[in-house]
Amino acid sequence: MAEGRGGPRLLRLLVFFDLPVTTQEAKRNYVRFRRFLLEDGYDMLQFSVYCRIVNGEDAVSKHLERLAHNLPPQGSVRFLQVTDRQYARMKLLVGERTRQEKKVPACQMLLF
């Protein structure tokens, strides 16, 4: 169970994908999948890497099920669950933080 001292703990869901865009139908599938992720509360970390925060294991199960129902017919899609503390330890080696990451510093996310 993913319960912390104060109840369910915050978790990050990471979705990584590599989808073909060689045909019109494949491009439509890519756009549909990307739109689903954005509408379901995921933020783009970088191309083909999306992340969202959830509260507890029940929410992880719910979002994994929603993700499974919206998978494209071809390509590669991966899902990783990490604690908010593990996510906060991620190091940015080259580039800049996304707008979403700049809005709320990782240390503040731990206070929820």
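Residues numbered from 1 in each chain as written. Predicted model: local features only at pLDDT ≥ 70, side-chain atom pairs only at ≥ 80, totals over all residues. Heavy atoms only, no water.

### What to know about the sheet that holds strand β6 (residues 76-83)
At step 1: A sheet is described by the order of its strands in space; here four strands give the open sequence β4-β5-β3-β6, paired in antiparallel fashion. The open sheet is flanked by β4 (43-46) and β6, the only strands paired with a single partner. Sheet twist, expressed as the average angle between the axes of neighbouring strands with direction ignored, equals 30 degrees.
At step 2: Where strand β3 (residues 10-18) lies against strand β5 (residues 49-55), seven bridges are found, and the strand directions are antiparallel. Each bridged residue has a counterpart across the sheet, and for Phe 16 the counterpart in β5 is Val 49. (Pairing = 2+ DSSP bridges. Helix = DSSP H or I, 4+ residues; strand = E, 2+ residues; numbered from the N terminus. Axes fitted to C-alpha atoms, helices over the stretch in contact; angles between N-to-C directions.)

### Remarks on the packing of aromatic side chains
At step 1: Scanning the entire structure with this criterion turns up four aromatic pairs.
At step 2: Taken together, a centroid distance of 6.1 Å and an interplanar angle of 55 degrees make the contact between Phe 17 and Tyr 30 tilted. Here Phe 17, found in strand β3, pairs with Tyr 30, found in helix α1 (residues 24-39); they are 13 residues apart in sequence, far enough to count as distant.
At step 3: For Phe 17, a relative accessible area of 5% translates into the label buried.
At step 4: Both rings, one in Phe 17 and one in Tyr 50, keep their centres 5.6 Å apart while their planes meet at 25 degrees; by these two values the pair is stacked. (Phe/Tyr/Trp six-rings, centres within 6.5 Å; stacked < 30°, edge-to-face > 60°. Buried < 20%, exposed > 50% of the residue type's maximum accessible area, 1.4 Å probe, protein only.)

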